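Given next are the chains, with one letter for each unit.
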Amino acid sequence: MKLSHRLTAVLSAIILLLSCCSCSDGLQAADYQINSEQFSFTNYASSASDYQLALSETDSGYLQDYEKKQENSFLVLYYQSQTGYIAVADKRTGKVWYSVSPELEEDGVVEEDTKKLLSSPIQVEYKELQAFKSVNTFTNSVEDGNFSSEDIDNGVAVHYTFTDITKAMAEEASADTNKTIVPQKLFDITIEYTLDHESLIVTVPMEKISYTDNYPPLSIKLLQNFGSSKEKEGYLVVPDGSGALIRFDTEKSNVSPFLSNVYGLDKTLEIKNQPSKVENSTLPVFGLKEKDNAFLAIIEDSEAVASIGANPAGTLSERNEVFASFQTLAYQKVSIAAASEESKFV
């Protein structure tokens, strides 16, 4: 069954605006102009024709296993066929943004299970009977070789088939230790990466997602580790209210993750656990700045079912990261009969 038959038939997309700015906390008026009638933003400093990419020795080493897939006047898109990772190089500065940091594999502080999560461009929460479970591309697709890629216009598409050991299979395996258990196929998800001038566009086409009625995907988290940084100079941008900065500071002892629903909570569903007073996220944007480089991400579609999260250094790892998740299926637990205590998710 196609996802659009059961889930919100929308296209989930993120635009990542890769900036070549020698970023300061303000803008130089001479370099920028805002058209108030069309609300367009023009950066005249980046209107040159072609730039020549000059990679650092470190990035040149990391990209040896990557294949160049697309290039325009500003950006170069790379793809690693062994993992499904991508990298985008900004030709104006030489900065390379990785979907998964190549330094993560060498990080001995991060636990292995956490490392697998951070190494996954896609994480999915799904429902099996009355239980909620989660899978990721690294553990439930890439490790078994259940993924492929294809060239598309201006970029590359990566197709993942997710598998998992279901509860029934686990019980069967415990009853018969000599039986080989083959993981159950759960769903197929495709993620597309394309270049458009100064932007990387990341899209999950809903019409290309398939699943069975037994394992509906409830939410999709995209590119949690994209552009993550260990630098001490910089900040995360989150839409807490009209916007807030989470500054890099590894010396803080009370750091906690940030999570906020774009435009607030879904008022059509019962909210049993009311969160503490927080400002609604009024803009579907987030970003990261480290030293003189930055990216800004704009959720172009499905922003009403999106949430934005941030993990400052010291929460999951020593890296600062910011990302978006999308609710693909709304659900509510209800009683099916007044005289019965039985309940069902619908």
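Residues numbered from 1 in each chain as written. Predicted model: local features only at pLDDT ≥ 70, side-chain atom pairs only at ≥ 80, totals over all residues. Heavy atoms only, no water.

Draft legend 1. Representation of the overall build of the chain in the model. Helices and strands together make up the secondary structure of the chain, namely five helices and 24 strands. For the chain, with 346 residues in total, the buried portion stands at 44%. For the chain, the exposed surface amounts to about 18100 Å²; the carbon and sulfur share of it is 47%. (Helix = DSSP H or I, 4+ residues; strand = E, 2+ residues; numbered from the N terminus. Buried < 20%, exposed > 50% of the residue type's maximum accessible area, 1.4 Å probe, protein only. Areas by Shrake-Rupley, 256 points an atom, 1.4 Å probe, with all protein chains shown as cover.)

Draft legend 2. Fine view of the packing of aromatic side chains. Under the defined criterion, the tally for this structure stands at 10 aromatic pairs. Members of the aromatic cluster, joined through ring pairs, are Y126, F147, Y160, F162, F187 and Y215. The ring centre of W97 lies 4.7 Å from the NZ or CZ of K95, which sits over that ring. (Phe/Tyr/Trp six-rings, centres within 6.5 Å; stacked < 30°, edge-to-face > 60°. Lys NZ or Arg CZ within 6 Å of the ring centre and 35° of its normal.)

Draft legend 3. View of the sheet that holds strand β5 (residues 75-80). Here four strands make up an open sheet; going across it, the order is β4-β5-β6-β7 and the pairing antiparallel. Strand pairing shows two members of the sheet lacking a second neighbour, β4 (67-71) and β7 (96-98), which therefore form its edges. Across the sheet, the mean angle from the axis of one strand to that of its neighbour is 25 degrees, orientation sign disregarded. Strand direction decides the pairing type here: β4 and β5, joined by four bridges, are antiparallel. Looking across to β5, one finds that K68 is bridged to Y78. (Pairing = 2+ DSSP bridges. Axes fitted to C-alpha atoms, helices over the stretch in contact; angles between N-to-C directions.)

Draft legend 4. A look at the pattern of salt bridges. On inspection of all chains with the given rule, the structure shows 15 salt bridges. For the salt bridge of K91 with E71, the shortest nitrogen-to-oxygen distance reads 3.0 Å. Of this pair, K91 sits in the loop between β6 (85-90) and β7 while E71 sits in strand β4, placing them 20 residues apart in sequence. The salt bridge involving K208 is made with E192; its shortest N-O contact spans 3.0 Å. (Salt bridge = Lys/Arg side-chain N within 4 Å of Asp/Glu carboxyl O.)

Draft legend 5. Broad picture of the environment of F323. Considering the arrangement of structural elements, one finds F323 in strand β22 (residues 321-327). On the basis of relative accessibility, which here comes to 6%, the residue F323 falls in the buried class. Once the C-alpha coordinates of F323 and N225 are considered, the two residues, 98 residues apart in sequence, prove to be 7.6 Å apart. The contacts of F323, once residues within four sequence positions are left out, are K221, L222, L223, Q224, F286, S307, I308, G309, A310 and N311. (Contact = heavy atoms within 4.5 Å.)

Draft legend 6. Layout of the pairing of strand β10 (residues 147-152). Judged from the six bridges that link them, β10 and strand β11 (residues 155-164) form a sheet pairing that is antiparallel. If you follow S148 over to β11, its bridge partner there is H159. As consecutive antiparallel partners, β10 and β11 are separated by two residues, and within that stretch N154 has a phi angle of approximately 65 degrees, a positive value.

Draft legend 7. Examining the sheet that holds strand β15 (residues 217-222) more closely. Ordered in space as β9-β8-β15-β22-β21-β18, the six strands form an open sheet in which the pairing is antiparallel. Edge positions in the open sheet fall to β9 (131-136) and β18 (258-261), since each of these has one partner strand only. Strand after strand, the sheet turns through a mean of 20 degrees between neighbouring axes, direction not considered. Where β18 meets strand β21 (residues 306-311), four bridges bridge the pair, whose relative direction is antiparallel. Opposite F258, over in β21, you have A310 as the bridge partner.

Draft legend 8. Examining the pairing of β5 more closely. In terms of burial, β5 is largely enclosed, as six of its six residues are buried. Of the two faces of β5, both are covered, the one formed by L75, L77 and Y79 as well as the one formed by V76, Y78 and Q80. Counted between consecutive antiparallel strands, the loop separating β4 from β5 contains three residues. Here β5 runs beside β6; their pairing, made up of six bridges, is antiparallel.

Draft legend 9. Spotlight on the side chain of T194. Counting through the fold element by element, T194 comes out in strand β12 (residues 184-196). Taking relative accessible area as the criterion, T194 reaches 16% and is therefore assigned buried.

Draft legend 10. Looking closely at the side chain of Q224. Considering the arrangement of structural elements, one finds Q224 in the loop between β15 and β16 (234-238). Of the polar contacts made by the side chain of Q224, one reaches the side chain of Q123; its length is 2.8 Å. When neighbours within four sequence positions are excluded, Q224 is seen to be in contact with L118, Q123, N311, L316, E321, V322 and F323. (Polar contact = N/O pair within 3.5 Å; in protein donor to acceptor, adjacent residues only side chain to side chain.)

Draft legend 11. Representation of the environment of E143 within the structure. As for its placement among the helices and strands, E143 is situated in the loop between α4 (137-142) and β10. Separated by 60 residues in sequence, E143 and T83 have C-alpha atoms that sit 8.6 Å apart. Contacts of E143, omitting those with residues within four sequence positions, involve K116 and F138.

No statement about biological role is implied by the geometric values presented.
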